[in-house]
Amino acid sequence: MSYIVSRKYRMSWTAQKDIVILVILLFGFQVSQSWEPREWGGTFTQETICGLTGTTVTLTCSIRYPQRHDGQIIKVIKGLWYTKVSNRQPQDLTMDPQYSGRLDQNCQGNFCTLSIKKLRESDQGTYKLRFITNVDGGEYTLKTGVTLDVTAARVQVIKTEEIDSYTFASLSCHTSCSPAASLSWCWKRKPQNDDCLTHHWRKEEKIYLRPGENITCAVEGYPLSASPPLYALEAPRVLSTKDEIMEGDSLTLTCRADTPTSSGHRWCKKTGTSYCEVMSYGEYLVFSSIQSSDSAVYCCVVENDLGQKMSQPFVNDVKYAPRSCSLLVDPIKEIEEGNQVTLTCSCDANPAARFTWYKGQTRLGSSERNYVFNSIRPEDCGSFYCKAYNKYGDVTSDPVFINVQYVPRLPSISAIPSSNVRKGSSVNLTCSSDANPAASYFWFKDNEETPNSTGAVLNIINFQIHNEGTYHCEARNIRGSQNATLLVQAENFRSWSQGAAVAVRCATVGIMLILLSVTVLLFWKKTTSKGRMHLSQPNTSEDSSRDQLEELVAFSDPSPIHANVTNDKTDQDENEYESVVDTVIKCGGQASG
């Protein structure tokens, strides 16, 4: 029995538990089903609202919900406004620091409102609403929202003109959306005026501005709605991080504008008298390792809706040591004596290089870029080079050889062994002349028009009488010619023999005259002394003396000596003849043919 009772107990407890669960489910279903969906909802009075920065905008939503539930009066106790959702839950705007102190919200009766003060452009977005009532489960989230557009006033330029540094402009206070209310506008020109200009209610304004002044517009009574100031620009300045710029240095140029700009800065590189090539944008122009090719005139430009202003030119002058040095010769053709010749030392350097000139190892006096020979001479030939230098370094050119060409100088002719040539012997005639380029030699005999030989040496073998004559040597090169002459003749042996004979005769006659004088004197003395004693004696001594005199006279006949002088005498005989000739000259004799 007990088993049966307990079983009955257990069965009754299970049934009881199932009944409780069923009741709960039925009760819950009845509650959820007691809300009529059509009784919940809401509508925003505007789908889109335009607000100006600095002003206050109010979002309004008309809501509906049941009046009673299970005999309880339903009231809205909170309106939750949001723009963001996290984990499927709306994020209450009142908890967002961005809106701190700027929100007023209210839900009473069938209306919920949200007022946003001091509007910011960041407030722009879609705002949604969830309202919560005083009963459990009595809340509703609207599926739609209201779009808030926040606009700032902008000064829009209709027309502008610059006259004598003044900017004359027609302006309009522009907004990206149109607020519902009719607004009055306030125009302010600063720094001159803190109050609105006259006729400030107009949306459009004509105004003049001095450089550095600015203009703003705002909704009257809402200073925070003021547009960003629009400036009449002043010319910017270019600032450099270095006064002296060396190649390889890093350099930063800054475009310093004293008036704010709306369109930023741009850098230009002047490539002509009026054209400026845009290089880059931004306040800074940076060269990490500046090169000589970066040397140029730079300027920066600032621009806004009222126009643009350009800085004064900045000369970016990159310094570097001389390089690529070469020596140029003018004229480049062959150089002739008497030409004007200019040597030019050409190199790339900044600042401009100074120069030192060298001929070989000898330093020349000039320090100019050009070294000039007004009338170059052969002795100016040589190897020249130049050195270019400035405060940053120096460089030396490759040497250039200057070769001066000139007409052959007057030739010199020599005869070896002599210009008086024995018949049958040989003689070499040598012609030499200083010339550049080297001369060619041509030999002419007497008045011949065609050369009978060429070359510096003319060799005559087995000299004969017909080889005698005047020999002309002509030295020629591409610059001209010069000539010289030499008389070449055979030795005249007959003349030498006749001269020798005359000399012998002269000597013989002289000796005979001396002997005769001595003999006559002796004979006269002897005759005188004996005549006194032997007047009657026959004169045998006189006959003897006469015979002696005849023998002496016979000895003076030169023909035997002349007969021995021939053209076949040896060199020893010739020397003897020369001694005889010297004797004749000393004694006043003269050789004749």
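Going by the structure above, here's the rest.
Let me begin by describing the structure that accompanies this report. (Residues numbered from 1 in each chain as written. Predicted model: local features only at pLDDT ≥ 70, side-chain atom pairs only at ≥ 80, totals over all residues. Heavy atoms only, no water.)

### Thoughts on the packing of aromatic side chains
And step 1. Counted by the stated rule, this structure contains twelve aromatic pairs.
And step 2. Aromatic side chains Tyr 65 and Phe 131 sit 6.1 Å apart centroid to centroid with 50° between the ring planes, which places their arrangement in the tilted category. Here Tyr 65, found in the loop between strand E3 (57–64) and strand E4 (68–69), pairs with Phe 131, found in strand E10 (residues 125–133); they are 66 residues apart in sequence, far enough to count as distant. No difference in accessibility class separates Tyr 65 from Phe 131, as the two residues are buried.
And step 3. A network of ring pairs unites the aromatic residues Trp 40, Tyr 65, Phe 131 and Tyr 140 as a single cluster.
And step 4. In this structure, Arg 189 packs its charged tip against the face of Tyr 208, placed 4.8 Å from the ring centre. (Phe/Tyr/Trp six-rings, centres within 6.5 Å; stacked < 30°, edge-to-face > 60°. Helix = DSSP H or I, 4+ residues; strand = E, 2+ residues; numbered from the N terminus. Buried < 20%, exposed > 50% of the residue type's maximum accessible area, 1.4 Å probe, protein only. Lys NZ or Arg CZ within 6 Å of the ring centre and 35° of its normal.)

### Thoughts on unusual backbone geometry
For residues besides glycine, phi is generally negative; the peptide bonds are generally trans as well.
And step 1. Note that the residue after Ile 416, namely Pro 417, is joined by a cis bond; omega there is 10°.
And step 2. Cis geometry marks the peptide bond from Asn 436 to Pro 437, where omega comes out at 0°.
And step 3. Along the chain, Pro 437 falls in the loop between strand E40 (427–432) and strand E41 (440–445).
And step 4. Backbone geometry at Lys 118 places phi at a positive 50°, although glycine is not the residue there.
And step 5. Along the polypeptide, Lys 118 turns up in the loop between strand E9 (111–116) and E10.
And step 6. The exposed category is assigned to Lys 118, whose relative accessible area is 53%.

### What to know about the sheet that holds strand E39 (residues 420–421)
And step 1. The strand order across the open sheet formed by five strands is E39-E45-E44-E41-E42, and the pairing between neighbours is mixed. Among the strands making up the open sheet, the edge pair consists of E39 and strand E42 (453–454).
And step 2. Inspection of the sheet shows E41 paired to strand E44 (residues 469–477) by six bridges, in the antiparallel sense. Bridging across to E44, Trp 443 finds its partner in Cys 473. (Pairing = 2+ DSSP bridges.)

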